[in-house]
Amino acid sequence: MLFDKIHQFNFPTTIRFGAGAVKELPAYLQKNNLKAPLIVTDPTIAQLPFFKRIVEDLKAKNILVEVFSNIHKNPVKSDVYKGGDAWDAKNRDSIIGIGGGAALDVARAIVLRVNHREDLFKYDDLIGGDVYVTNDVPHFITIPTTSGTGSEVGRSAIIADDETHQKKILFSPKLMAKIVFADPELTMDLPPFITAATGMDALTHNMEAYLAKNFHPMCDGIALEGISLIKDSLERATNNPDLESRSKMLMASMMGAIAFQKGLGVVHSLAHPLSSLLDTHHGLANAVNIPYGMQFNIAGFEDRFRKIARTLELKDETGDAVVKYLFDLNTKVHIPHKLTAIGVKKEHIETLADLAFADFAHPNNPKPVSRADFKQLYLSAL
């Protein structure tokens, strides 16, 4: 992978990848006659110097920028409705999502909301709501600032109900970005915790996609290469970052998001309730749970774990060696091994098990997961 130039490839979204890619944004908007974008980001990024530079560069080209950043770190329906109001009030012509998974999910859901004004969750993919996504959507651009969710190349958004906390999937091929500006320089100043948590999220996407029960050999190949890139770069990106490690993590993150169209699994179903019930960072929730979820999946799928171990270049090509690698990697990037370290208490377990069993991810796990299994997994990780 070359790091000193900007590359373009399509999968199928057009991706401009490389250091400095974001500087192409003003010219792209002008070329497409877009003069009034709504930029969707989160409250933290909205205050950072690189974000202010992006806004200033756009204003210098007489592009009328409106910023919407009033979102939760685990997005809820009301965030999307407020963003839709911002679109209406300011007469926008395009949407630019800048940030990690939360900002990009909200941006994509606003893209849907603009011309689809029935209850947002009517469009929930899990109840076949994608058939109602029939109208045009605004021009949509994504700019990732973390290397975790890979939402920039996705076609779905995960949004939770404000009251029940249950997560819904808004899906349609119409929701893919027209172009991604994937600039690893935007990730250079990420703090170690965010680098580690989002990086473990990317690793979870790639591993779970590879193990998912659906047949998709192309996703399998992408997932294994994503795992290899993370093996080479996450520890360095967390503890001693350079452009190479940041570039590899950004690429691996996009690869994970492409691969998980095949499906996810038990780890994500363990993680989602932690975010909705306890507001745990999604990447951190995956990071703590992934060794336990992978241990659960070994029996019956030894061949798959052998290939993962080989990709990780482990001497012992077994599932147990993969689990040990995951615990060791968490230690190296300063992620705790137990749920108690991130605020989970024994009294949370029953509710967490209910939410996990109701979650959308585990039906694609290579083996079935019962509510009793989820309870036992939480207790093992406690």
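Residue numbers run consecutively from 1 along every chain, following the written order of its sequence. This being a predicted model, a pLDDT of at least 70 is required before a residue's local features are given, and a value of 80 or more before pairs of side-chain atoms are given or counted; all residues contribute to the totals for chains, interfaces and linings. Water and hydrogen atoms were dropped before computing side-chain values, which therefore reflect all heavy atoms in the structure.

Q: Looking at this structure, I do not really get the pattern of salt bridges. What am I missing?
A: Side chains carrying opposite charge are able to pair once their charged atoms draw close together. We count a salt bridge whenever a side-chain nitrogen from Lys or Arg sits within 4 Å of a carboxyl oxygen from Asp or Glu. Under the defined criterion, the tally for this structure stands at 16 salt bridges. Between lysine 231 and glutamate 313 there is a salt bridge, with the nearest N and O atoms lying 3.6 Å from each other. Placement of lysine 231 in helix α6 (residues 217-239) and of glutamate 313 in the loop between α10 (302-311) and α11 (319-332) is noted, with a sequence separation of 82 residues between them. Each residue's exposure class comes from its accessible area (1.4 Å probe, protein chains only) as a fraction of the maximum for that residue type: buried when under 20%, exposed when over 50%, partly exposed otherwise. Take lysine 231: its relative accessible area is 23%, and that puts it in the partly exposed class. Glutamate 313 sits in the exposed class, given a relative accessible area of 62%. A salt bridge links glutamate 317 to arginine 310; the shortest N-O distance between them is 3.1 Å. Among the ionic contacts, a cluster of salt bridges with common partners joins Glu350, Asp354, Arg371 and Lys375. Helix and strand definitions here come from DSSP, where helices need a minimum of 4 consecutive H or I residues and strands a minimum of 2 consecutive E residues; each element is numbered from the N-terminal end.

Q: Could you clarify how one ought to interpret the packing of helix α5 (residues 192-211) against α6 in this entry?
A: In helix packing, the relevant descriptors are the interaxial angle and the interaxial distance, both defined with respect to the helix axes. Two numbers describe how α5 lies on α6: the axes approach to 9 Å, and their chain directions differ by 160°. When the axes of α5 and α6 are compared, the pair comes out roughly antiparallel. Like other packed secondary-structure pairs, α5 and α6 cross with a definite hand, here left-handed. Every residue of α6 that contacts α5 at Pro192, Thr195, Ala196, Gly199, Met200, Ala202, Leu203, Asn206, Met207, Ala209 and Tyr210 is listed here: Asp220, Ile222, Ala223, Leu224, Gly226, Ile227, Ile230, Leu234, Ala237 and Thr238. Only Asp, Glu, Lys and Arg are considered charged in this grouping, and only Ala, Val, Leu, Ile, Met, Phe, Trp, Tyr, Cys and Pro are considered nonpolar; every other residue, Gly among them, is considered polar. Classifying every residue of the contact of α5 with α6 by side-chain character gives 15 nonpolar, 5 polar and 1 charged. A fitted line through C-alpha atoms serves as each axis, taken over the contacting stretch for helices, and the angle formed by two N-to-C directions is quoted from 0 to 180°. Orientation categories follow fixed angle ranges, with anything under 35 degrees roughly parallel, anything over 145 roughly antiparallel, 65 to 115 roughly perpendicular, and all other angles oblique. With the far helix as reference, a near helix turned anticlockwise by less than a right angle produces a left-handed crossing, and one turned clockwise produces a right-handed crossing. The criterion used for residue contact is that any of the two residues' heavy atoms lie within 4.5 Å.

Q: When you look at unusual backbone geometry in this model, what are you seeing that I'm missing?
A: For residues other than glycine, phi is negative in most cases, and the peptide bonds are mostly trans. Following phenylalanine 11, the chain continues into proline 12 via a peptide bond in cis, with omega recorded as -20°. Here proline 12 shows up in the loop between β1 (7-10) and β2 (14-17). The backbone phi angle of histidine 165 is positive, close to 70°, even though this residue is not glycine. With respect to the helices and strands, the residue histidine 165 is situated in the loop between β7 (156-160) and β8 (167-171). Phi angles above zero are rare outside glycine, and aspartate 279 is one such case at about 60°. Mapped onto the secondary structure, aspartate 279 falls in the loop between α8 (266-278) and α9 (282-297).

Q: Would you mind going over the pairing of β1 with me for this structure?
A: Remark: a regular strand shows side chains that alternate across the two faces of the sheet. Two strands are said to pair when DSSP picks up at least two bridges between them. Where β1 and β2 come together, 4 bridges link them in antiparallel fashion. Across the sheet, asparagine 10 pairs through a bridge with threonine 14, a residue of β2.

Q: Where do I start with the nonpolar core in this structure?
A: Buried together is how nonpolar side chains tend to be arranged in soluble globular proteins. In terms of nonpolar packing, the biggest core is built from 97 residues, with Ile95, Ile110, Met207, Met294 and Val322 touching the most fellow members. Contact partners of isoleucine 95, with chain neighbours within four places excluded, come to Leu38, Val40, Trp87, Ala107, Ile110, Val111, Val114, Pro138, His139, Phe140 and Ile141. In terms of nonpolar packing, the next biggest core, distinct from the first, is built from 22 residues, Val22, Val65, Ile96 and Ile98 among them. Among buried residues, those of type Ala, Val, Leu, Ile, Met, Phe, Trp, Tyr and Cys that are joined through side-chain atoms within 4.5 Å constitute a nonpolar core.

Q: So what exactly am I meant to see when it comes to the sheet that holds strand β3 (residues 37-40) here?
A: Hydrogen bonds between backbone groups are what pair the strands of a sheet, and the pairing can be parallel or antiparallel. Strand order in the open sheet made by the 7 strands is β1-β2-β9-β6-β5-β3-β4, with mixed pairing throughout. For this open sheet the edge positions go to β1 and β4 (66-68), each flanked by a neighbour on one side alone. Between one strand and the next, the sheet's axes are offset by a mean angle of 20°, whatever the strand orientation. Relative to β4, β3 is paired through 3 bridges, and the arrangement is parallel. By the bridge assignment for β4, isoleucine 39 is matched with valine 67. Most of the contacts of helix α3 (residues 77-90) go to β4, to which it runs at about 165°, and overall it touches β3, β4 and β5 (94-99).

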